[in-house]
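Reading the structure
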Amino acid sequence: QVQLVESGGGLVQAGDSLTLSCAASGRTFSSYVMAWFRQAPGKEREFVAFISSSGASTYYADLVKGRFTISRDNAKNTVYLQINSLKPEDTAVYYCAARVIFRNEYDYWGQGTQVTVSS
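Residues numbered from 1 in each chain as written. Predicted model: local features only at pLDDT ≥ 70, side-chain atom pairs only at ≥ 80, totals over all residues. Heavy atoms only, no water.

Applying the stated criterion to the full structure yields eight aromatic pairs. Here the aromatic rings of Phe37 and Trp109 are separated by 4.8 Å at their centres, their planes lie at 50 degrees, and the arrangement is tilted. In this pair, Phe37 is assigned in strand 4 (residues 32–39) and Trp109 in strand 10 (residues 108–109), connecting sequence segments 72 residues apart. Centre to centre, the rings of Tyr106 and Trp109 are 6.3 Å apart; their planes meet at 65 degrees, and the pair counts as edge-to-face. Within the aromatic cluster, the residues linked to one another by ring pairs are Phe37, Phe47, Phe50, Tyr59, Tyr106 and Trp109. Lying across the ring of Phe29, Arg72 places its NZ or CZ 4.5 Å from the centre. Between Arg99 and the ring centre of Tyr106, over which it is positioned, the NZ or CZ distance is 5.4 Å. (Phe/Tyr/Trp six-rings, centres within 6.5 Å; stacked < 30°, edge-to-face > 60°. Helix = DSSP H or I, 4+ residues; strand = E, 2+ residues; numbered from the N terminus. Lys NZ or Arg CZ within 6 Å of the ring centre and 35° of its normal.)

Encoded structure:
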């Protein structure tokens, strides 16, 4: 099992950059595919990006390509989401998630961190 704790959210202005962090507990962090999701007010949770267990592969939702970068440091048991050129539409609670490599559903979720982008 793994526990996830997000941090780094806050109130920012449009055009700013922000880096979110997700710290994971446990001894098997390097065995998990990690992902970021977000949920805006009144909307369903949506996929943002994932990164493979080794960090060699990444995938992004079309809406965030070019502005978002997911990365991980397995030695620190941490996954990051760097967000550039923030837009008001990026306002959401951002969630970190983890799954084992042979599953297609995410088994573990953090509590989320709020990102609010003002115009």
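Structure's up, so let's keep going.
Right, let's get into the sheet that holds strand 7 (residues 68–73). Taken in spatial order, the four strands of this open sheet run 1-3-8-7, and their pairing is antiparallel. Across the chains shown, the open sheet's two edge strands, defined by having one partner strand only, are strand 1 (4–7) and strand 7. Adjacent strand axes in the sheet meet at a mean angle of 15 degrees when their direction is disregarded. (Pairing = 2+ DSSP bridges. Axes fitted to C-alpha atoms, helices over the stretch in contact; angles between N-to-C directions.)

As a further point, take the environment of Arg38. The residue Arg38 is located in strand 4 in this model. When its relative accessible area of 5% is taken as the criterion, Arg38 is described as buried. Once the C-alpha coordinates of Arg38 and Ala92 are considered, the two residues, 54 residues apart in sequence, prove to be 5.8 Å apart. Within polar-contact distance, the side chain of Arg38 engages the side chain of Glu46 at 2.6 Å. Among the polar contacts listed, one links the side chain of Arg38 to the side chain of Asp90, at a separation of 2.9 Å. (Buried < 20%, exposed > 50% of the residue type's maximum accessible area, 1.4 Å probe, protein only. Polar contact = N/O pair within 3.5 Å; in protein donor to acceptor, adjacent residues only side chain to side chain.)

This brings us to the pattern of salt bridges. In total, this model carries six salt bridges according to the counting rule given. Between Arg103 and Glu105 there is a salt bridge, with the nearest N and O atoms lying 4.0 Å from each other. We classify Arg103 as partly exposed; its relative accessible area is 34%. A salt bridge links Arg103 to Asp107, with the nearest nitrogen and oxygen atoms 3.0 Å apart. One salt-bridge network, held together by shared partners, links Arg38, Glu46, Arg67 and Asp90. (Salt bridge = Lys/Arg side-chain N within 4 Å of Asp/Glu carboxyl O.)

Distances and angles like these do not, on their own, reveal function.
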